[in-house]
Amino acid sequence: MFQTLSRLSTKDPHHHHRIRVCSFLTQLINFCTDSSIKPPNTPVTNQTHKNSSSINSSGIARTAKSKCSSHHLSLKDYLLRLSNISPDIIRRFWRVSELKPQNVLEILVGFESDSGKYEVEVEKVESLWGIFKWASGQTREFEHFPMSCKIMASMLVRAGFFIDAECLLSRSESRGILLDCDGIFGNLIEGYLKEFELDRAISAYERMRGLALVPSLSSYRALVKYLVGVDETQLTYRVYLDMINKVGIGWSVEEQENIHESVVRLLCIDGKVQEARNLVKEFLNCGIRPSDLVVNAISCGYCNKKDYDDLLRFLAEVKVAPDAIIGNKILFSLCRDYGVDEASVFLQKMEEIGFCPNEIAFGILIGSSCLERKLKNALFYISDILSSGLKPHLYSYNALLSAMFEEGMSKHAREILVEMSEMGVTLNLSTYKILVAGFCRARQFDEVKAIVREMSDNDLVKVSCLEDPLTKGFMLLGLSQSEVKIRRDNDKGFSKTEFYDNLGNGLYLDTNLDEYEDKITRILDNAILLDFNSVVIENLEFRDVESALIMVDETAKWGQELSLNALSCLLSRLCRDSLNVETINRLLEVMSKSIYQFDRKTLNLLVQTFGKTGFTFRARTLFDGMMRRGYSIDNDTYSALLFDACKRGDSRSFRNLFNLARESNWSPEEKDGNALVVSMCKNRWFDEACWVLWGEEIHRSIFENMLFRKLSPPVEVSFQLISRICRTNFEKAIELKNICSMDNRPSALLPIDCALINGLCKSKRFQEANILFEQVLFKGFVPNSDVFNALIEGYCGEHNFKKVKEFLCFMIRKNLRFSISTYGNILRMACKEGNFLLAIRSKVLMLRTTKFPEIVLYNILIFHISSTKNSSVLGSVIEELRKKGLQFDDVTYNYVIRGFLLCNDLSCSLHYLRDMLRQDLKPSNRSLREVIVSLCCNLEVELALELSREMELRGWIFGSVIQSSIVEALLDKGKNVNKAVEFLDRIASKNLIPDNINYDYLIKRFYEHGRVDKSVELLNVMLRKGGGGPPESTTYDYIIQGLCKDYCNLNKALDFYGEMLCRGLKPSVVTWNILVCGLSEFGRVEEAEELLKSMIEFGEIPSRRVFSAVIDKYRLDKNFGKTFEIVNLMQEKGYVPDFETHWSLVSNLSDSRKKDGGKTSKEITSRPLKFVNFLHPTPTKGCQCKKSTNCRGADVIIENEGRFRKYTLPQGQLKNIMGGLELEHGAKNYGSATTRRGLAALDFVLRIIAIIATLASAIAMGTTNESLPFFTQFIRFRVKYSDLPTFTAYLVLSLALSISHIVNGGAKKSRVGMLALLTAGASAAAAIVYLAHKGNTRTNWFAICQQFNSLCERISGSLIGSFGAMVVLILLILLSAATLSRR
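The structure displayed is predicted, hence computed values, not measured ones.

Asks: Looking at this model, I keep getting lost on unusual backbone geometry. Mind explaining?
Replies: A negative phi angle characterises most non-glycine residues, just as the trans form characterises most peptide bonds. The backbone phi angle of Asp231 is positive, close to 60°, even though this residue is not glycine. With respect to the helices and strands, Asp231 occurs in the loop between helix H11 (217-229) and helix H12 (233-246). In the Ramachandran plot, Lys306 falls in the positive-phi region, its phi being about 60° despite a non-glycine side chain. By the secondary structure assignment, Lys306 is in the loop between helix H15 (292-305) and helix H16 (308-318). Residue classification places Lys306 among the partly exposed residues on the basis of a relative accessible area of 47%.

Take a look at the structure:
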């Protein structure tokens, strides 16, 4: 396919490796939806496990979750993420601007349980961790509850955020809070071990033990298992001993044996037999006896130390009789180290503790005796075997034969052979070889010939008629014919004769006798004590792995061990042959040496084998152990581990290994690289795949990178790639075609041209496609059927029947195959034009020219005929299909159901649907949806419910339309709300709700029927599923309005309002109005004001009722500053406050001044509101007596924004406002008649004083007025003396009477009346002034002097003058009385 080889760079710029990327591009084409995939620019980092604050955004990070985005998120963003997981828990926190420790704990408790989905769990924990940190950063004094820290740490560990969890635990410890977190640390240890981070796991363990915390049994077990895998003996022993002391040994027997055996074996391999023995004692104290593997491991340890006395004491202590393999191992070690005599004595001691030796045990003694030239002992052991009823082993007889030949007892060899025959022991090649060697040594060549003939008879060797048997015998011993020759001694005296033949001829060997004897001796010695290692290696050289494995088992039976060399050769062969990995594991488990004693090559092979066969833990622990010991890692090893991580989709392990491989200059081979790239593409790790291909992280699209490097795709890839590219970028497709033309012959470019024509047809660029088609024909090439099919499909779309006919004829002549899509397009065109005959003939043509199943062709025909809504034609096609005996498949049924529904024949559709169900065929979602919708529209609810029950029984998903239709029908049918709720609850309990559910319409309907609780439940389901898109704003409006109906659920309504805003949805005006009014009614006026302003910020204008609700509540609370603010806001929106609102503010303005020194009033007032005039009193409506002052009112004109408005106020209300001010005319007191001259002078002076006092009072009263500044720039209050009739009357009487009595000195009779009038007027005015100053709470008269200070000061001064004039008048009266008395 792909002709271009891509370079793979390493750290060494001169080291490159080229990989064929055919499979890689094929995968890219499958994964891409357009011509390119653009990888991000972020490089791969070295982070090995998740940290919520910094995780790369490479292809791997995109697979799990990108964590970088969460670093600067707000509280709202975190809550929004969590709301999609569990909206009911988060909802009451939307309006919280500051989190308290209790709030954080409530959120964590709500999300503590595992969600079950890894991706959801990661997103949830990441958001909770963000909220946790956000809350901590609010203030320095903020401290989380210990329980919050514990839950958060537990969740972080569970989701894989190990570093964050450790940081949280460290911060808690620094604050002196020791969390009860044994489980957290235990999970942290296990998590690190799953990520193959042993150092971090050990650190967590040490930290845990330092805090006097005890890990769980599973944590201990995982840690010990990993430590055993990397052969960390000392640490393993310490952790395991701690595990026994803290947790005990009360776990399952199988787990005990596995871990205990592994630890004991590791200790014994490292020479720490005493520690292993101590562990066995611990188990014995608990009543657990050691297994055979444990006894074997300790026995091997003691044998390696040659401490057989301790071994015997150990066996006696544990009261365990060694089995055959262990006993034979001990006997062989004793024979090797101390001789057969010591071994025989030890055997007796082992027999005392219950050991029963088998024939192999005696065989070991026989072999050792023969090796030590103690043939007599060997014969005794043979007799012991026979006396025990056992059959001697072949190897024992071989040893005995060899010893006899070496001792020159060849004449007894035949006796041994006879005994072997009697015992049923079959001779093998090794026995015959011993016999040949022994008789050659004894110079009994006739016996050699006889033995060779016997071997030939047993098919052990092949000897031809012309071949000398003696020569064949020499060849068996490794002696060639040229090396050894038998000659007759012709010398006198037979000086060279070594032996005689039957005729008495002296014979001798013409050879190098030393070499001859040496080879024979070596054969006989090896037969005495068989060297199993050499036999295994010999078998492996002949690739006889089965025989080698058999010899491995024999090695263990005879108490021997394979050498590292033999075992390494065997393991290497097993790894290369990909045999059962269990065999490799079994061989490694019985080793008495550390696996890390193997050479680097063998270890790499083992890692590769474990990685390729899915033994990930074994491969990674072995790899980790190699890295710790500094072994070099092969490229194939990295490739195997990376491929294993790809297969499992483990992005974190892959990232760790990938970084290590890059640092080690990893360069995969072509085959491995291709497979790895394909696997990475399947996981969508495109950045890493590009690095494998080009040795760098590209910063352009894959396709552009190919063009940039002039990489020519192979033909079979190019035609797939070009067909996609030309849809969006025709020029790029041409460029790729030109690149391919440089490396290919013209005939090889035909598929590329065909692909280009296909792409142009799919892009509806038929003119360019035709030109290219003609160019191909001009070159003498005939395009493939795909090109013709594409052209026909294109012209069918344009309804160009002429062109379609031309291409059809051409294809028939060239015997080209029609595609299904071509057939479908022809049918579509024919049916749209009503040409059913053409459609039928097309079907016949397809049957004749193609091999497609007939039912498939009928299905397509039914589909297109159904689109015409012609039930008669549809029925005829179905009838034809039945007559042919064709069985309906699920596609046929679905198309027939669809067709009859389009023809408005619901009964037929239902009939075929039921028939389909009876045959256990699943209808398509569309068929079910359309039938149920039609039934519900026709008010046949029971039939729809019957179908829904069938769906429930079969576990089929209910889509949004099906649910909405059934619920709507139930709600419309007698308002049966309960049945609708039961239906929804039932399918929810059976988990039959799809992820793309949308409940907007049903939420509205349940709101209309008063079931807001169900609306809320549906909204929660919709948010949790998340696939149906976000809810509409009207959905929240309905729920909020439903909750606010009686204002009992106002807080819940506000929670939904907060959620609505955080999701970017705008509430309706009705929703805002209801919330503001509800908050105002329940005394939460500050929140109401906030909502009011929010409403205005969103561009909505509140109604007068909403403004009034807030203003009235602030008035009742006497919060006049806020009242002024809302009134001002109200006026800005075009509303005018009522009169009572104005005057209620006026009456309380002075209180605000006193409280804040006038600051508030200055800030909230600008232009005054003034009373222009009090009009003449008018009779109150319904008044009985027009002269009664109680029935009279007054019209008040107020200037507002340059306009004048008139208010008619009753007398009582006027008194409430103005304090019942009245003004009486003052009266003048004229002087007496002619008096005596002295009195006349005094009288004159008093009159002057009286006139000055009354004039001053009159002037003060007449010039009294005051304008009051108020709270807006358009309204002002103004008051003058004439506004009160009492003051006017007082002024007129005072001034007129004063002038009259001053001028008219004879007004004697009126002086007392004038005094009375003046006193009455001044008193009435004084009373009004008193009320103006003090007010009267019982009659609800306001103290207007608190507002009109200047006015009250002047009228008070005027009263002082009047009362002074009264005193003068009294003096004048007294003077007149004195004068009269004198008279």
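Okay, back to it.
Asks: Any chance you could explain the pairing of strand S5 (residues 506-510) here in plain terms?
Replies: Here is the key point about a regular strand: its side chains alternate between the two faces of the sheet. Within S5, 4 of the 5 residues are buried, which leaves it mostly tucked inside the rest of the structure. Pairing analysis gives 4 bridges linking strand S3 (residues 485-488) to S5, with the strands arranged antiparallel. Along S5, the bridge assignment pairs Arg487 with Tyr508.

Asks: Is there a simple way to think about the packing of helix H9 (residues 182-194) against helix H10 (residues 198-210) in this case?
Replies: Angle between the axes and distance between the axes: these two values describe a pair of packed helices. Contact geometry of H9 with H10 gives a least axis separation of 7 Å together with a crossing angle of 165°. Taken as axis vectors, H9 and H10 run roughly antiparallel relative to one another. In the packing of H9 onto H10, the handedness of the crossing is left-handed. When H9 is examined against H10, the residues Asp182, Phe185, Gly186, Leu188, Ile189, Tyr192 and Leu193 are found in contact with a partner set consisting of Leu198, Arg200, Ala201, Ala204, Tyr205, Arg207 and Met208.

Asks: Even after reading the chapter, I still don't get the packing of aromatic side chains, so can you show me in this structure?
Replies: Aromatic ring pairs are reported here in terms of the distance separating the ring centres and the angle at which the planes meet. Considering all chains together, one arrives at 24 aromatic pairs under this definition. Ring geometry for Tyr226 and Phe617: centres 5.9 Å apart, planes at 80°, overall edge-to-face. Note that Tyr226 is positioned in helix H11 and Phe617 in helix H32 (residues 616-628), a separation of 391 residues in sequence. We classify Tyr226 as buried; its relative accessible area is 0%. Considering the side-chain rings of Phe888 and Tyr912, the 6.3 Å spacing of their centres and the 15° angle between planes classify their relative orientation as stacked. A residue pair is termed long-range when its members are at least 10 positions apart, and Phe888 in the loop between helix H47 (871-883) and helix H48 (890-902) and Tyr912 in helix H49 (residues 906-918) qualify at 24 residues. Residue Phe888 is classed as buried on the basis of its relative accessible area, which comes to 6%.

Asks: Would you mind going over the pattern of salt bridges with me for this structure?
Replies: Any two side chains of opposite charge can pair, on the condition that their charged atoms come close. Tallied over the entire structure, the rule returns 55 salt bridges. Measuring nitrogen to oxygen at the nearest pair gives 3.4 Å for the salt bridge that ties Arg628 to Asp624. One end of the pair is Arg628 and the other is Asp624, both in helix H32 and 4 residues apart, which spans about a single turn. For Arg628, a relative accessible area of 33% gives the class partly exposed.

Asks: What am I meant to see in a nonpolar patch on the surface here?
Replies: Where nonpolar side chains cluster on the molecular surface, the patch consists of Val1367, Ile1370, Leu1371 and Leu1374 and spans about 340 Å² of accessible area. Counting through the fold element by element, Val1367 comes out in helix H69 (residues 1349-1382). A relative accessible area of 47% places Val1367 in the partly exposed class.

Asks: So what exactly am I meant to see when it comes to the environment of Leu75 here?
Replies: Residue position: Leu75 is located in helix H3 (residues 75-83). By relative accessible area, Leu75 is classed as buried at 7%. With residues near it in sequence (within four places) discarded, Leu75 still touches Val96, Leu99, Ile131 and Trp134.

Asks: Honestly, the state of the cysteines in this entry has me stumped. Any pointers?
Replies: Covalent bonding between the sulfur atoms of two cysteines is what defines a disulfide. All chains considered together, the criterion is met by 0 disulfides. With no disulfide of its own, Cys268 lies closest to Cys300 among cysteine sulfurs, the gap being 8.1 Å.

Asks: What is the right way to read the side chain of Ser964 from this model?
Replies: Residue position: Ser964 is located in helix H52 (residues 960-972). For Ser964, a relative accessible area of 15% translates into the label buried. Apart from residues no more than four positions distant in its own chain, Ser964 is found in contact with Tyr1001 and Leu1002.

Reading the values: rules and limits
Residues numbered from 1 in each chain as written. Predicted model: local features only at pLDDT ≥ 70, side-chain atom pairs only at ≥ 80, totals over all residues. Heavy atoms only, no water. Helix = DSSP H or I, 4+ residues; strand = E, 2+ residues; numbered from the N terminus. Buried < 20%, exposed > 50% of the residue type's maximum accessible area, 1.4 Å probe, protein only. Pairing = 2+ DSSP bridges. Axes fitted to C-alpha atoms, helices over the stretch in contact; angles between N-to-C directions. Parallel < 35°, antiparallel > 145°, perpendicular 65-115°, else oblique. Left-handed = near helix turned anticlockwise from the far one by under 90°. Contact = heavy atoms within 4.5 Å. Phe/Tyr/Trp six-rings, centres within 6.5 Å; stacked < 30°, edge-to-face > 60°. Salt bridge = Lys/Arg side-chain N within 4 Å of Asp/Glu carboxyl O. Patch = residues over 30% accessible without salt bridge, like charges linked within 9 Å, V, L, I, M, F, W, Y side chains within 5 Å. Areas by Shrake-Rupley, 256 points an atom, 1.4 Å probe, with all protein chains shown as cover. Disulfide = S-S within 2.5 Å.

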